[in-house]
Amino acid sequence: MKRLSLLVESFIVHHRRRLIWLHAFMFLVFLAVIGGPLLLPDPPGDATPLTNLRLAANYALWGIWFPFVLLSVIFTGRAWCGLLCPMGAASEWANRVGPQRAIPRWLSWEGTPLVSFIFITTLGQTVGVRDHPEAAAEIFGGTMLMAVLIGFLFGRRKRAWCRHMCPIGRVLGLYSRLGAVQFEPAVHLPGGDARTERGICPTMIDLPRKTESRHCIACFRCVNPQARGGIAMTLRRPGAEIEGIRDHHANPAEVWFLFLDTGLALGGFLWLVLPVFQTVRQALGEWAIDHRWSWLTEPGPAWLMSEHPARAEVFLWLDFVMIVGFMVVCMVAMTVMLAVLTAAASTLARRAGAHGGFRRCFTELGYQYAPVALMSLIIGLGAELFEMIRVTALGPAGVSAVKGGLFLIGLVWSIWLGERILTRQGVPFARRWVPLLPGLIGSVATGLAWWPAIFGI
Ligand code: SF4
Ligand code: SF4
């Protein structure tokens with residue numbers, strides 16, 4: 001492990017100056033995948049990603065990029081952010097030529113990335129980001145423009161966008177706590193994690209006090225193998241940071257984000273497959289006609305909802321209200337369920353001998369749902385990737401086996417993490433199963449909630 005990490009570290013440090021070319025290349029790939037399909041005609045009905053460039057670009061985005069970036073955090077932390085992402089790099093380039101104003105408080109507020117995530121995820125659903133290249137251009141192009149604008153305006157040689165506002169970065173940051181890669185100071189200063197705009201770190205980590213991976217984009221800028229007492233890249237067992245979350249700056253806001261994000265993403269998949277969605281939509285439509293709410297049955301603006309008559313898809317305000325409402329209901333329901341179960345686990349853990357107050361135990365135990373949420377997200381988003389297995393010798397059984405395997409890994413990993421967190425809290429072995437039960441129920445329920453979206457109904 002040590003030898004491997006030294007090899008990777010010295011290779012990247014040696015080529016650090018050339019990363020700019022990699023970023024420029026990725027920027028061109030971004031333009032090709034997002035902008036290219038706008039110039040191409042609609043594919044014929046029998047086209048596949050292998051025979052049609054537009055479908056190939058769509059597949060590259062949803063079948064390859066999304067699932068692999070999410071999966072990569074387990075093995076490489078946020079290496080996507082630090083080494084490859086054209087959006088973060090563009091934001092930083094813009095910062096060099098901008099006025100470098102002080103980062104405002106609304107931007108550094110803990111809730112800003114959550115608002116950004118909710119906004120972009122729901123808008124993505126209402127405009128049909130997975131199906132229409134115009135919608136993908138709006139969502140990803142708009143996000144790129146915001147990254148450049150925020151980078152241009154705020155921070156001094158920093159990535160204010162990446163730390164405070166990027167909707168993808170926040171998700172990757174949370175799950176990078178499960179990752180095998182960490183950047184660790186040789187000597188820790190006491191006092192816990194802190195944010196500082198001084199220093200070399202683009203995401204404003206106070207390096208000698210760093211104990212968490214969340215904001216670290218694995219850019220290697222702080223790594224200097226020649227300097228003693230500096231930061232080094234090390235490898236660890238995936239999940240180790242959450243197992244010992246008590247020593248890694250457990251953050252209540254992050255746990256609430258985990259609950260809310262999981263529910264919102266789930267809603268984004270379920271509205272497409274659950275018959276109850278269509279039943280309620282029908283009832284609401286009839287009610288709107290009976291009560292002369294005619295605006296609800298009219299189409300809305302194309303930037304807000306899918307309006308593609310040539311592709312036989314025209315969303316009405318009714319669809320917009322239903323999709324947003326359904327996703328919000330899923331988000332609230334999942335959050336309430338996980339919060340109640342985590343509160344029960346925390347109470348039981350303290351009765352069984354856990355050290356620390358309710359709030360502290362609650363926050364730590366909340367992290368146990370990270371693996372099951374991540375795996376469900378990967379399987380849900382990677383549907384197109386797994387479909388490729390169908391055309392191999394493994395066939396449909398292979399698709400189910402891979403999905404089921406990942407699903408099971410997420411479930412077992414969450415339960416394992418719950419047990420480890422309780423151990424670190426000081427709950428004796430013989431009494432640990434009691435506070436573990438609510439976590440077990442929560443993990444199974446989270447997995448089952450994703451079931452229709454992943455395996456069908
Ligand atoms: S935080 Fe967002 S914009 Fe920044 S590097 Fe990561 S994915 Fe890209
Ligand atoms: S801690 Fe080091 S590797 Fe991580 S973001 Fe900061 S400078 Fe980059």
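Heads up: these notes are all about the structure in this document. Fair warning: this is a prediction, and the values are worked out from it, not measured in the lab. Counting restarts for each chain: residues are numbered from 1 in the order of the written sequence. Whichever chain is written first is A, and whichever ligand is written first is 1; the rest continue in order. Local features in this predicted model are restricted to residues of pLDDT 70 or higher, and side-chain atom pairs are both shown and tallied only at a pLDDT of 80 or more, whereas totals for entire chains, interfaces and linings draw on every residue. Calculated side-chain values reflect all of the structure's heavy atoms, with hydrogen atoms and water omitted.

1. Some details on the overall build of the chain
Along the chain, the regular secondary structure elements total 19 helices and 4 strands. For 457 residues, the compact-globule formula gives about 23 Å, and the C-alpha radius of gyration of the chain, at 23 Å, lands near that figure. The principal-axis extent of the C-alpha atoms belonging to the chain is close to 70 × 55 × 50 Å. Exposure categories follow from relative accessible area, calculated using a 1.4 Å probe and restricted to protein chains: below 20% of the type maximum is buried, above 50% is exposed, and the middle band is partly exposed. Expressed as a percentage of its 457 residues, the buried residues of the chain come to 53%. Two residues form a contact once any of their heavy atoms are found within 4.5 Å. Taking the contacts inside the chain whose residues are at least 6 apart along the sequence as the reference set, 77% of them involve residues at least 24 apart. Computed with a 1.4 Å probe, the accessible areas rest on the Shrake-Rupley method; for each residue, only the protein chains presented here act as cover. In the structure as shown, the chain presents an accessible area of about 21100 Å², 69% of it carried by carbon and sulfur atoms. Side-chain charges of the chain comprise 41 positive and 28 negative groups, with the mean position of each set lying 13 Å from the other. Helix numbering and strand numbering both begin at the N terminus, where a helix is a DSSP run of H or I of at least 4 residues and a strand a DSSP run of E of at least 2. Only the C-alpha atoms count toward the radius of gyration. The rule for a globule is 2.2 Å times the residue count to the power 0.38. Asp and Glu count as negative and Lys and Arg as positive, but His and the ends of the chain are not part of the count. By convention, charge coordinates are those of NZ in Lys, CZ in Arg, CG in Asp, or CD in Glu.

2. Description of the nonpolar core
The set of buried Ala, Val, Leu, Ile, Met, Phe, Trp, Tyr and Cys residues whose side-chain atoms join them within 4.5 Å is what this entry labels a nonpolar core. Residues Phe 140 and Tyr 175 are the most contacted members of the largest nonpolar core, which totals 111 residues. Not counting the four nearest positions on each side in its chain, Tyr 175 is found in contact with Val 73, Leu 258, Ala 370, Ala 373, Leu 374 and Leu 377. Counting residues in hydrophobic clusters, the runner-up holds 17 residues, among them Val 181, Ile 205, Phe 220 and Val 223.

3. What to know about the site of ligand 1
In the vicinity of ligand 1, the contacting residues are Arg 78, Trp 80, Cys 81, Cys 85, Met 87, Gly 88, Arg 159, Trp 161, Cys 162, Cys 166 and Gly 169. Counting residues per element, the ones that place at least two in the shell around ligand 1 are helix H4 (79-84), helix H5 (86-97) and helix H9 (160-164). Each residue is assigned to one class: nonpolar for Ala, Val, Leu, Ile, Met, Phe, Trp, Tyr, Cys and Pro, charged for Asp, Glu, Lys and Arg, and polar for all the others, Gly among them. Looking at the shell around ligand 1 residue by residue, the class counts come to 7 nonpolar, 2 polar and 2 charged. Throughout this document, a residue counts as near a molecule or strand when at least one of its heavy atoms sits within 4 Å of that molecule or strand.

4. Digging into the site of ligand 2
Taken together, 13 residues lie around ligand 2, and Cys 201, Cys 216, Ile 217, Cys 219 and Cys 222 are the ones closest in. Here the shell around ligand 2 is built from residues that sort into 11 nonpolar, 1 polar and 1 charged.

5. Structural notes on the pattern of salt bridges
Any carboxyl oxygen of Asp or Glu within 4 Å of a side-chain nitrogen of Lys or Arg constitutes a salt bridge here. Scanning the entire structure with this criterion turns up 22 salt bridges. With its nearest N and O atoms 2.9 Å apart, the salt bridge here joins Glu 241 to Arg 177. In this pair, Glu 241 sits in helix H11 (residues 240-243) while Arg 177 sits in the loop between helix H10 (167-175) and strand S1 (181-185), placing the two residues 64 residues apart along the sequence. For Arg 177, a relative accessible area of 0% puts it in the buried group. Between Glu 419 and Arg 420 there is a salt bridge, and its shortest N-O distance comes to 3.1 Å. Glu 419 gets classed as buried once you look at its relative accessible area, which sits at 15%. Here the salt bridges share partners, and the residues they tie into one network are Arg 177, Glu 212, Arg 214, Arg 236, Glu 241 and Glu 254.

6. Some details on H5
Helix span is expected to be 1.5 Å times the residue number reduced by one. With 12 residues, H5 should reach 16 Å at 1.5 Å per residue; the first-to-last C-alpha distance of 17 Å fits that figure. Along H5, 9 of the 12 residues are buried, which leaves the element largely enclosed by surrounding structure. Within the sequence span of H5, burial applies to Pro 86, Met 87, Gly 88, Ala 89, Ala 90, Ser 91, Glu 92, Ala 94 and Asn 95.

7. Focus on the side chain of Thr 234
If you trace the backbone, Thr 234 turns up in strand S2 (residues 231-235). What Thr 234 contacts, discounting residues up to four positions off in sequence, is Ser 5, Ala 180, Val 181, Gln 182 and Glu 184.

8. Observations concerning helix H18 (residues 395-425)
The end-to-end C-alpha distance of H18 is 46 Å, a good match for the 45 Å that 31 residues give at a rise of 1.5 Å each. Positive phi shows up at Gly 426, right after H18, with a value of about 95°.

9. Remarks on a nonpolar patch on the surface
Together, Trp 433, Leu 437, Leu 440, Val 444, Leu 448 and Trp 451 make up an exposed nonpolar region whose accessible area comes to about 570 Å². Following the sequence through the fold, Leu 448 ends up in helix H19 (residues 433-455). Within this analysis, patches are made of residues with over 30% relative accessible area and no salt bridge. Like charges are joined at 9 Å or less; nonpolar side chains (Val, Leu, Ile, Met, Phe, Trp, Tyr) at 5 Å or less.

10. Regarding unusual backbone geometry
A positive phi is found at Ala 218, a non-glycine position, where the angle reads about 55°. For Ala 218, the position within the fold is in the loop between S1 and S2. Given the relative accessible area of 4%, Ala 218 is considered buried. The phi torsion at His 249 lies on the positive side, around 55°, for a residue other than glycine. If you trace the backbone, His 249 turns up in the loop between H11 and helix H12 (252-273). When its relative accessible area of 32% is taken as the criterion, His 249 is described as partly exposed.

11. With respect to the packing of H18 against H19
Whenever a helix is involved, its axis is fitted only over the stretch in contact; in every case the axis is a line through C-alpha atoms, and angles between N-to-C directions fall within 0 to 180 degrees. Packing of H18 against H19 brings their axes to within 10 Å, and their N-to-C directions diverge by 160°. Judged by the angle between their axes, H18 and H19 are roughly antiparallel. Relative to H19, the crossing made by H18 is right-handed. Residues Ser 400, Lys 403, Gly 404, Phe 407, Leu 411, Ser 414, Ile 415, Gly 418, Glu 419 and Leu 422 of H18 pack against Pro 435, Leu 436, Leu 440, Ser 443, Val 444, Gly 447, Leu 448, Trp 451, Ile 454 and Phe 455 of H19. Counted by class, the contact of H18 with H19 contains 12 nonpolar, 6 polar and 2 charged residues. With respect to orientation, any angle under 35 degrees is reported as roughly parallel, any angle over 145 as roughly antiparallel, any angle of 65 to 115 as roughly perpendicular, and every other angle as oblique. In a left-handed crossing the near helix is turned counterclockwise from the far helix by less than a right angle, and in a right-handed crossing that turn is clockwise.

12. With respect to the packing of H10 against H12
Relative orientation of the contacting elements H10 and H12 amounts to 110°, with a least axis distance of 11 Å. Judged by the angle between their axes, H10 and H12 are roughly perpendicular. Considering only the axes of H10 and H12, their crossing is left-handed. Residues Arg 170, Val 171, Gly 173, Leu 174 and Tyr 175 of H10 pack against Glu 254, Phe 257, Leu 258 and Asp 261 of H12. Its residues placed into classes, the contact of H10 with H12 shows 5 nonpolar, 1 polar and 3 charged.

13. Side note on the side chain of His 308
Note that His 308 resides in strand S3 (residues 307-308). Excluding residues that lie within four positions of it along the chain, His 308 makes contacts with His 132, Glu 134, Glu 313 and Val 314.

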